[in-house]
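Now for the letters of each chain:
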Amino acid sequence: MTGDIRETKEWQLKDPMELFHSGQVVKICAPMVRYSKLAFRTLVRKYSCDLCYTPMIVAADFVRSAKARDSEFTTNKGDHPLIVQFAAKEAQVLCDAARIICPFADGIDLNCGCPQRWAISEGYGACLINKPELVKDMVRHVRSQIDNPKFSVSIKIRIHEDLKRTVDLCQKAEAAGVSWITVHGRSVEERHQPVHYDAIKTIKQSMSIPIVANGDIKTLKDAENVHHLTEADGIMVARGLLANPAMFAGYEETPFQCIQDWVDIALEHGTPFTCFHHHLMYMMEHITSKQEKKVFNVLSSTSAVLDYLNDHYGV
């Protein structure tokens, strides 16, 4: 698929698959623990982000507990297209979670990439890349039990040392009806090593469904380079968007208007102070001096943060 990441349109589309068939590279906000919640999704959508994921939700807890559903998932009318990411290890549990979420979201994503020890020891996340038959079964189950043909079922994976195994996993998922696959171009053991973009390209060339590239994309220039290196249909960004939520709109660092927008959105959504403050710390990382960081990062209330922003930046 060809497309310039810089070109943006006002998407009126609620079906994520239409994005992938639009001829443009799809710009995606990654699932980030604690961070990719409704308020932040609202912010990045203002700045040319096409598709947003929720943080990972453990499907079994979500199905079992109304309290978990209320605390883990919030959305609103403007929060589309939206993908809810689940950690699951049983097909029926994933189906039950998908059925609950179906009226409120545009698709689900099965996490097959989280390398954290707790996830792997529970049978979630990256250990699933070694269970291609289980992944295939889970995708097929959701496909057969959700009536809405536009509801997407995707997976997010890491790669194997032996790339043939990754290609085999992807082909099995494709045969089961997966909508697209996001590939983080590192193995489970790799943390800060360079991303294997060549591996993502190999996977892309082996598949006929959309492939999304993920890993170490910090700027719009990085996104464009990764698109050219991998030929991926979409680019998923995590920390790059935390540092600069306006990245996809072409800004090289967070503009003050974006900081103002975050303050307005966060206050409107009743965002807890720690989350509100952390997002600002990320956004202002490159625009504040060491001395300013020392002061700003230890502020301990919303009013103190608002006063600081007003006094120093007129926000």
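Residues numbered from 1 in each chain as written. Predicted model: local features only at pLDDT ≥ 70, side-chain atom pairs only at ≥ 80, totals over all residues. Heavy atoms only, no water.

If you check an unreviewed UniProt entry, the protein appears there as tRNA-dihydrouridine(20a/20b) synthase [NAD(P)+]-like from Certhia brachydactyla. According to the UniProt record, the Function (unreviewed entry) comment for the protein is "Catalyzes the synthesis of dihydrouridine, a modified base found in the D-loop of most tRNAs." Database annotation for the protein, UniProt heading Cofactor (unreviewed entry): "FMN". (UniProt positions renumbered as here; feature names shortened; annotations may be inferred.)

Enquirer: Would you explain the confidence of the model for the protein in this entry?
Expert: Reading fine detail from the predicted coordinates is not recommended where pLDDT is low. Taken as a whole, the protein shows an average pLDDT of 94; of its residues, 96% reach a score of 70 or greater. Counted against residues more than four places away or in other chains, residues 1–13, with its pLDDT under 50, gives 35 contacts. (pLDDT = per-residue confidence, 0-100. Contact = heavy atoms within 4.5 Å.)

Enquirer: For this particular structure, what's the right way to read the UniProt feature "active site" (unreviewed entry) in the protein?
Expert: This chain's UniProt record puts "active site" (unreviewed entry) on C114. Its location among the elements puts C114 in the loop between β5 (107–112) and α6 (117–121). Those residues in contact with C114, other than ones at most four positions away along the chain, are A119, I120, G125 and A126. (Helix = DSSP H or I, 4+ residues; strand = E, 2+ residues; numbered from the N terminus.)

Enquirer: I keep staring at the packing of aromatic side chains and nothing clicks. Help me out?
Expert: The relative placement of two aromatic rings is captured by the distance of their centres and the angle of their planes. Tallied over the entire structure, the rule returns eight aromatic pairs. For the ring pair F40 and W262, a centre distance of 6.4 Å and an interplane angle of 75° mean the geometry is edge-to-face. Here F40, found in helix α2 (residues 38–46), pairs with W262, found in helix α12 (residues 256–269); they are 222 residues apart in sequence, far enough to count as distant. W262 shares its class with F40; the two are buried. In this arrangement the basic side chain of K89 is found over the ring face of Y124, its NZ or CZ atom lying 5.2 Å from the centre. (Phe/Tyr/Trp six-rings, centres within 6.5 Å; stacked < 30°, edge-to-face > 60°. Buried < 20%, exposed > 50% of the residue type's maximum accessible area, 1.4 Å probe, protein only. Lys NZ or Arg CZ within 6 Å of the ring centre and 35° of its normal.)

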